[in-house]
Amino acid sequence: MKQFLAFVKKEFYHIFRDIRTMLILLGMPIVQIILFGFAITTEVKNTKIAVYDLSKDVSTQQIIQRLQANEYFTLVEDLQSPHRIDELMKASKVSMVLVFSSDFHANMIHTGEAAVQLIVDATDPNQATTMTNYATSILTQYQQEISTSYNTAFRIIPQTKMLYNPQMEGAYNFVPGVMGLILMLICAMMTSIAIVREKEKGSMEILLASPIKPIFIIISKAVPYFALSIVNLITILLLSVFVLKVPIAGSLFLIISASFLFILVALLLGMLISNVVQTQVAAMLISGMGLMMPTMLLSGMMFPIESMPAILQWFSSIMPARWYIEAIRKLMIQGVDGIYVMKEFTILLIMILFLLGVSLKKFKIRL
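Residues numbered from 1 in each chain as written. Predicted model: local features only at pLDDT ≥ 70, side-chain atom pairs only at ≥ 80, totals over all residues. Heavy atoms only, no water.

(A) Structural context of the overall build of the protein chain. Along the backbone of the protein chain there are 14 helices and five strands. For the protein chain, buried positions account for 46% of its 367 residues. The contacts of the protein chain with a sequence gap of at least 6 include a subset with a gap of at least 24, amounting to 77%. Carbon together with sulfur atoms contributes 65% to the accessible area of the protein chain, which is approximately 19000 Å² in total. (Helix = DSSP H or I, 4+ residues; strand = E, 2+ residues; numbered from the N terminus. Buried < 20%, exposed > 50% of the residue type's maximum accessible area, 1.4 Å probe, protein only. Contact = heavy atoms within 4.5 Å. Areas by Shrake-Rupley, 256 points an atom, 1.4 Å probe, with all protein chains shown as cover.)

(B) Here's a closer look at helix H10 (residues 252-276). In this model H10 runs 37 Å from its N-terminal to its C-terminal C-alpha over 25 residues, within 8% of the 36 Å that 1.5 Å per residue would give. Across the 25 residues that make up H10, a large majority, 19, are buried. Where H10 begins, one side-chain oxygen reaches toward the backbone nitrogen of phenylalanine 253, 3.3 Å away; that side chain belongs to serine 251. (Expected span 1.5 Å × (residues − 1). Polar contact = N/O pair within 3.5 Å; in protein donor to acceptor, adjacent residues only side chain to side chain.)

(C) Just the side chain of glutamine 127, in detail. Of note, glutamine 127 is situated in helix H6 (residues 125-150). Setting aside anything within four residues of it in sequence, one finds glutamine 127 in contact with Val44, Ser95, Pro304 and Glu306.

(D) Broad picture of the pairing of strand S2 (residues 73-78). In this sheet, S2 lies alongside strand S1 (residues 47-53) in parallel orientation, the contact comprising five bridges. The residue of S2 that forms the bridge with lysine 48 is threonine 74. (Pairing = 2+ DSSP bridges.)

(E) Summary view of the nonpolar core. Membership of the largest hydrophobic core comes to 70 residues, with the highest contact counts inside it found for Val97, Met179, Met184, Tyr324 and Met332. Excluding residues that lie within four positions of it along the chain, valine 97 makes contacts with Ala50, Tyr52, Leu79, Ile85, Met89, Gln117, Leu118 and Ile119. (Core = buried A, V, L, I, M, F, W, Y, C linked by side-chain atoms within 4.5 Å.)

(F) Expanded view of the pattern of salt bridges. If you walk through the whole model with that rule in mind, you get eight salt bridges. One salt bridge connects aspartate 86 with lysine 90, and the closest N-O pair in it is separated by 3.4 Å. Taken together, the residues aspartate 86 and lysine 90, both in helix H4 (residues 83-90) and four residues apart, mark about one turn of the helix. Since its relative accessible area comes to 40%, aspartate 86 is described here as partly exposed. Note that arginine 155 is salt-bridged to glutamate 113, the shortest N-O span being 3.0 Å. Here arginine 155 is found in strand S5 (residues 155-163), whereas its partner glutamate 113 is found in strand S4 (residues 113-121), with 42 residues between them in sequence. By relative accessible area, which is 35% here, glutamate 113 ends up partly exposed. (Salt bridge = Lys/Arg side-chain N within 4 Å of Asp/Glu carboxyl O.)

(G) Fine view of the layout of surface pockets. Quantified by volume, the second largest pocket comes out at close to 810 Å³. Lining the second largest pocket are 32 residues, with Ser92, Ser95, Glu306, Arg322 and Glu326 positioned closest to its centre. Elements with a minimum of two residues in the lining of the second largest pocket: H6, helix H12 (310-317), helix H13 (320-334) and helix H14 (342-362). At seven residues, the largest contribution of residues to the lining of the second largest pocket is made by H13. (1 Å grid on protein atoms, 1.4 Å probe; cavity = no way out; pocket = protein on both sides within 12 Å on 5 of 7 lines; lining within 4 Å. Points joined across faces, edges and corners; volume = space filled by probe spheres on them.)

(H) Focus on the side chain of glutamate 344. Its place among the elements puts glutamate 344 in helix H14. A relative accessible area of 1% means that glutamate 344 is categorised as buried. If we skip the residues at most four places from it in the chain, glutamate 344 touches Trp323, Glu326, Ala327 and Lys330.

Structure (structure tokens):
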């Protein structure tokens, strides 16, 4: 029995001495419960909206106050021109715009009816439906209150206009997210495992001793995955257009350029992971848990970022997939010009330079 306990004690020592194992065993459950508990939600909160009020009477002001007081909406601008609606939508500064008809209150009092238009970004059909339901519910509540106050049946008629995806096709939202997920999987995970495999087998020492500079050896292992990612990108775009019937509304050149930047970011992440781990299992765990799950939960691929707590929104801002997916949605679905994706392109470029510098600094020419 003493020998058995001695072996158990030895195993505990091995675990406690390995910081990475301790982080996986004790830290990962905490991270997972926080991510799954707060990121996965069907509610849509803090949705950015704008209002174009042609009437500016007591009824429209009361409705706007109710929207501002509601946790589901955040009013970011009171529009003075209808031309701003398209600009805000393409820049992703708002997800919904309420347009009140002129003489809103007077029409409701005299005719018993008044109209309000809900212009919604339907790139994500589920989110668009939820936003519309929330706004319609607020309008219905106000309608009941004013009907009770005047002891007359009034009707507020919401007219919904879905932009970019009027058919409410789920593939429109699904395809950009899958593109980000697949490219991250191929580039980051497979690159890190391929390089670490050489360390495990002992062949990395032979490669580093060759006449070729070490950095070119690492780049040569990343090039095949870059080529495979390009093939996957072309395949996804062809399937999206001809099978899923998702149109490419924007510039194909900009879509490919954004994909190239994202592929480089993912490759550099894979190289960085390979520099800090020594085994394929560790590389797979870090790539899978550290990249794949946050990509699915925090990039806006499946759940709206605005509905997450502030700290998770901050973490999502350092996820490369978030900016890539936003850029692809704008270019592919909304058909925006290049000026509207300059922010996403700039952030991806900064990430490339940062990861390149860190990877070169961490790269060891001696094992």
